[in-house]
Amino acid sequence: MGTTKKKTGRNAPCPCGSGRKYKQCCLKKPQSAESTAEHYLRKYKIRLKSPKDIEGIRRCGDLVMATFDEVTKILVPGTTTEAINTLVHDFTVQHGAQPAPLHFNGFPKSVCTSVNHVVCHGIPGPYILKDGDILDVDITTILNGYYADCNQTFFIGTPSPEAARLVAITRECLKRGKDMAKPGNTIGDIGWAIQRYAEAQGCSVVRQLVGHGVGFDFHEPPEVPHFGKRGHGVPIVPGMVFTIEPMINLGTHHVRTLDDHWTVVTKDGSLSAQFEQTFAITEDGCESLTPFEL
Ligand code: MF3
Ligand code: CO
Ligand code: CO
């Protein structure tokens, strides 16, 4: 004898207790089917963002870009990096937001300012900007609990031809990384495209620092390396929000950290540039939540 258990009719109430017809509930969506959001959280610890979350990060990104508009006004020879810090701090707080770097893992200031051979995480201070410097300004803001992260390398006065070339190459690296940031590709495709271009131009890609998920926190999974292999890494899906932030050197890729425990410099003293945006993955590509021309 077989069992006497009856088969649930298509129009009967669903056995899961939802109150809906079986055919409109678990018959078409087996209980075991995991949503993409649940799958990404369990497998990769990645928190996908809802349209409402993305709107919150976009508003934060708008404030970051308004802050850049103020910063660019004082990027001239004679300005100190401390003055940039004061401007970023005050402007951010005046708009009801917080500068994320301040006290982050003990970081002492509200913005990162990285001059010439400084790769990233430069601490603002008494340094006086001079004609020909290149300066990366990295602004991360928290607005209504949402984080947006963006950096740009600027010329102070007139750049040397080699500095101008490095900065143009680095901007193009971010553009090529962004173009890979779409469903159907993987995180590895982004780094692959960046590394291939940078090295073809005779530059090198910093390995020790990477892009990252962002939005609910400063740094979330996944890591987004700016080097790597095609098809490797997490498959990109709508709702992911992460940065791409290539650091490109004129010399070798090797870096070291100064005794202040923050300032990262090139080992060979060569120039380094960086550009960063926060991207939200859409159905067919990505949207920059901290947009500037690439
Ligand atoms: N904004 C940097 C990034 O792009 C992180 C800076 S951490 C700080 O991830 F503490 F130095 F601010
Ligand atoms: Co970042
Ligand atoms: Co940043």
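Now for a look at the structure at hand. Keep in mind the model is a prediction, meaning the values are calculated, not measured.

What counts and what doesn't
Residues numbered from 1 in each chain as written. Chains lettered and ligands numbered in written order. Predicted model: local features only at pLDDT ≥ 70, side-chain atom pairs only at ≥ 80, totals over all residues. Heavy atoms only, no water. Donors = N, O, S within 2.8 Å, 3.2 Å for Na, K, Ca; no water. Tetrahedral: all angles 85-135°; square planar, octahedral: opposite > 155°, others 65-115°. Disulfide = S-S within 2.5 Å. Near = heavy atom within 4 Å. Polar contact = N/O pair within 3.5 Å; in protein donor to acceptor, adjacent residues only side chain to side chain. Areas by Shrake-Rupley, 256 points an atom, 1.4 Å probe, with all protein chains shown as cover. Nonpolar A, V, L, I, M, F, W, Y, C, P; charged D, E, K, R; others polar. Pairing = 2+ DSSP bridges. Helix = DSSP H or I, 4+ residues; strand = E, 2+ residues; numbered from the N terminus. Contact = heavy atoms within 4.5 Å. Axes fitted to C-alpha atoms, helices over the stretch in contact; angles between N-to-C directions.

Protein coordination at the cobalt ion (ligand 2) comes from D149 (OD), H212 (NE2), E245 (OE) and E276 (OE), with a distance range of 2.0 to 2.2 Å. Classification of the site at the cobalt ion (ligand 2) rests on its six donor atoms, whose angles at the metal span 52 to 162 degrees, yielding the label irregular. As a motif over one chain, the donors of the cobalt ion (ligand 2) read D-x62-H-x32-E-x30-E. For the pair the cobalt ion (ligand 2) and the cobalt ion (ligand 3), the metal-to-metal distance amounts to 3.3 Å, and D149 bridges them.

Another aspect to go through is the coordination of the cobalt ion (ligand 3). Surrounding the cobalt ion (ligand 3) are the protein donor atoms D138 (OD), D138 (OD), D149 (OD) and E276 (OE), at 2.1 to 2.4 Å. Coordination at the cobalt ion (ligand 3) is irregular, judged from the six donor atoms that bind it and the angles of 57 to 170 degrees they form at the metal. Donor residues binding the cobalt ion (ligand 3) come from one chain and are separated in sequence as D-x10-D-x126-E.

One pass over the structure, following the stated rule, counts zero disulfides. Distance from the sulfur of C286, which forms no disulfide, to the nearest cysteine sulfur (C150) is 14 Å.

On to the site of ligand 1. In the neighbourhood of ligand 1, 14 residues make up the surrounding shell, with D138, D149, H219, E245 and E276 lying closest. Measuring from a nitrogen atom of ligand 1, one finds a side-chain N or O atom of D138 at 3.0 Å. For ligand 1, the accessible surface in isolation is 340 Å², of which the surrounding protein chains cover 96%. By residue class, the composition of the shell around ligand 1 is six nonpolar, four polar and four charged.

This brings us to the sheet that holds strand β6 (residues 204-205). Pairing between the strands of a sheet comes from backbone hydrogen bonds, and it takes one of two forms, parallel or antiparallel. Taken together, three strands build an open sheet; the order of strands is β6-β10-β13 and the sheet is antiparallel. Of all the strands in the sheet, just β6 and β13 (272-274) have a single pairing partner and so form its edges. With two bridges connecting them, β6 and strand β10 (residues 247-249) associate as antiparallel partners. Residue pairing for β10: V205 is matched across the bridge by I248. Sheet strands touched by helix α4 (residues 161-180): β10 and β13. Its angle to β13, the strand with the most contacts, is close to 35 degrees.

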